[in-house]
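Structural description and commentary
Spelled out from the first residue to the last, the chains are:
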Amino acid sequence: EGRPPASGSAADFGDKAFELSRADAITTLNNLIDGARTVADRSATVERVLKYKYGEEINSPTLADLADAWDTFPRKRKPSAFHRQNCRRILAGFVSFMKDHYPGSKVLADVKASHARAFMDEEEARKISARTWNVTLTVLRGAFAHLDPNADGYRNYLAKVLTKDEDTVHRQPYTLDEMKVILDKAKASDELMFRLIVTVFSSGLRRGDLCQLHWRDVDLKAGFVSVKTNKTGERIEFPVLPLLHEVLVAARKDSDGKPNSFIFPLAAKAYREQPDSLDRRLKKVLALAGFFEEQ
């Protein structure tokens, strides 16, 4: 505040208002330095820096609480169970990455652009699809935008980086002969994939809806399945054809058959924890059927 020295030198003096302001600033700086000397005071120091920088009290959530803080966002409608689980899984993965690679970072304000970029680069190195990469970016971007938009990781990376192109591939449907080969190879090599493939051939369900089918969705006596899809919320119905009937009867023997239980519990667990593992198992079956070389 006030008029600084004409020379700009710290040895010269400005007017009274400037000198009083400079004394306050030096006191504040010394307090910050004193607080930063201990690791235990790291979070409090960050909060004080933010307060002085932006002129108001700004609380930066801890990384450990990131997923729980995401749950508190104000929303027009409640997210589906699948969306909530998927977002929490992504955020937990980011927190784990930060803990392993940047253990000194405790709050969102500690996350630098280089940290966020390194995490997304590591995700890409896992050879995930462009769609999965974009979803991961969107979840992180939304979390930081709500919880700490002043963090360097958000301002200088997450808010600026572009999403990837999601190439649309127009595929020809399998012929009956091709479907038979796929089913034969699946039955001989991977019983779970055989059951999933029979179900998807019978229904056209997306991966998430397929893996998370519940017994309440199935009426074996009436010969119909009625399920509410996760993506659109619409309810679709399809008949239980003979081969699907055999699969469902066999699956019931391997489960408790309760209405809220998953029909394919192992697939539901894999989809929740490691969805890419299902893609790899499917590719192995397709490779055995001769559709492409297994990587």
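Owing to the predicted nature of the structure, the values given are computational and were not obtained by experimental measurement.

All right, on to the overall build of the protein then. Of the regular secondary structure elements, the protein holds 13 helices and 3 strands. Of all 295 residues assigned to the protein, the portion counted as buried reaches 35%. In the protein, once contacts between residues fewer than 6 apart in sequence are set aside, the share between residues at least 24 apart is 57%. Counting every atom, the protein has about 18400 Å² of accessible surface; 53% of that belongs to carbon and sulfur.

The next thing to look at is the sheet that holds strand β2 (residues 224-228). Strand order in the open sheet formed by 3 strands is β1-β2-β3, and the pairing between neighbours is antiparallel. The sheet is open, and its two borders are formed by β1 (218-219) and β3 (235-239), each paired with just one other strand. Pairing between β2 and β3: 5 bridges, direction antiparallel. Among the inter-strand pairings, valine 225 is bridged to a residue of β3, identified as phenylalanine 238.

Let us look at helix α9 (residues 191-203). Since the α-helix packs 3.6 residues into each turn, any two residues three or four apart lie on the same face. With 13 residues, α9 extends 18 Å from end C-alpha to end C-alpha; this agrees with the ideal 18 Å at 1.5 Å per step. Burial runs high along α9: 10 of the 13 residues are buried. Of the positions making up α9, those classed as buried are Leu192, Met193, Phe194, Arg195, Leu196, Ile197, Val198, Thr199, Ser202 and Ser203. Looking at the buried positions of α9, the neighbouring elements they touch are α8 (176-189), α10 (207-211), β3, α11 (242-253), α12 (265-273) and α13 (275-288). Positive phi shows up at glycine 204, right after α9, with a value of about 75°.

What follows covers the pairing of β2. Here β1 runs beside β2; their pairing, made up of 2 bridges, is antiparallel. Paired with valine 218 across the strands is valine 225, a residue of β2. The turn linking β1 back onto β2 is made up of 4 residues, and glycine 223 within it adopts a positive phi angle of 75°. Taking the residues between adjacent antiparallel strands as the criterion, β2 and β3 are bridged by 6 residues, where glycine 233 takes a positive phi near 80°.

As a further point, take the nonpolar core. Grouped together as the largest cluster of nonpolar side chains are 32 residues, with contacts concentrated most on Leu196, Leu213, Ile263 and Phe264. Taken together, the elements giving at least two residues each to this core come down to α8, α9, α10, β2, α11, α12 and α13. For this core, the leading source of residues is α9, giving 6 residues. The next biggest cluster of nonpolar side chains, apart from the first, holds 31 residues, and it includes Phe73, Leu91, Trp133 and Ala143.

Here we take up the environment of tryptophan 215. Within the secondary structure layout, tryptophan 215 lies in the loop between α10 and β1. The spacing of tryptophan 215 and asparagine 260 is 45 residues in sequence and 6.4 Å in space, taken between C-alpha atoms. Setting aside anything within four residues of it in sequence, one finds tryptophan 215 in contact with Leu248, Ala251, Arg252, Ser255, Gly257, Lys258, Pro259, Ser261, Phe262 and Ile263. At 3.0 Å, the side chain of tryptophan 215 forms a polar contact with the side chain of serine 255.

Once that is clear, we can look at helix α6 (residues 130-147). Taking 1.5 Å per residue, 18 residues should reach 26 Å; α6 reaches 26 Å between its end C-alpha atoms and fits that length. Listed as buried for α6 are Trp133, Asn134, Thr136, Leu137, Val139, Leu140, Ala143, Phe144 and Leu147. Where α6 is buried, its residues contact α3 (66-71), α4 (81-101), α5 (113-125) and α7 (152-158).

Residues at a pLDDT of 70 or more form 87% of the protein, whose mean pLDDT is 84. Considering each helix and strand of the protein separately, the mean pLDDT is smallest for helix α2 (residues 42-54), with a value of 54, and largest for α5, with 94.

Turning to the packing of aromatic side chains, a few remarks are in order. Scanning the entire structure with this criterion turns up 6 aromatic pairs. One aromatic cluster in this structure is built from Phe94, Phe97, Tyr102, Phe119 and Phe144. For the cation-ring pair, lysine 164 lies above tryptophan 133, with the distance from its terminal atom to the ring centre recorded as 4.5 Å. Directly above the ring of tryptophan 215 sits arginine 252, whose terminal nitrogen or CZ lies 4.3 Å from the centroid.

Attention now goes to the pattern of salt bridges. Under the counting rule described, the total for this entry stands at 14 salt bridges. In this structure, arginine 207 engages aspartate 279 in a salt bridge whose closest nitrogen and oxygen atoms are separated by 2.9 Å. Of the two residues, arginine 207 sits in helix α10 while aspartate 279 sits in helix α13, which places them 72 residues apart along the sequence. For arginine 207, a relative accessible area of 32% corresponds to the partly exposed category. A relative accessible area of 30% places aspartate 279 in the partly exposed class. Salt bridges sharing common partners tie together Asp68, Asp71, Arg84 and Arg88.

Cut-offs and rules
Residues numbered from 1 in each chain as written. Predicted model: local features only at pLDDT ≥ 70, side-chain atom pairs only at ≥ 80, totals over all residues. Heavy atoms only, no water. Helix = DSSP H or I, 4+ residues; strand = E, 2+ residues; numbered from the N terminus. Buried < 20%, exposed > 50% of the residue type's maximum accessible area, 1.4 Å probe, protein only. Contact = heavy atoms within 4.5 Å. Areas by Shrake-Rupley, 256 points an atom, 1.4 Å probe, with all protein chains shown as cover. Pairing = 2+ DSSP bridges. Expected span 1.5 Å × (residues − 1). Core = buried A, V, L, I, M, F, W, Y, C linked by side-chain atoms within 4.5 Å. Polar contact = N/O pair within 3.5 Å; in protein donor to acceptor, adjacent residues only side chain to side chain. pLDDT = per-residue confidence, 0-100. Phe/Tyr/Trp six-rings, centres within 6.5 Å; stacked < 30°, edge-to-face > 60°. Lys NZ or Arg CZ within 6 Å of the ring centre and 35° of its normal. Salt bridge = Lys/Arg side-chain N within 4 Å of Asp/Glu carboxyl O.

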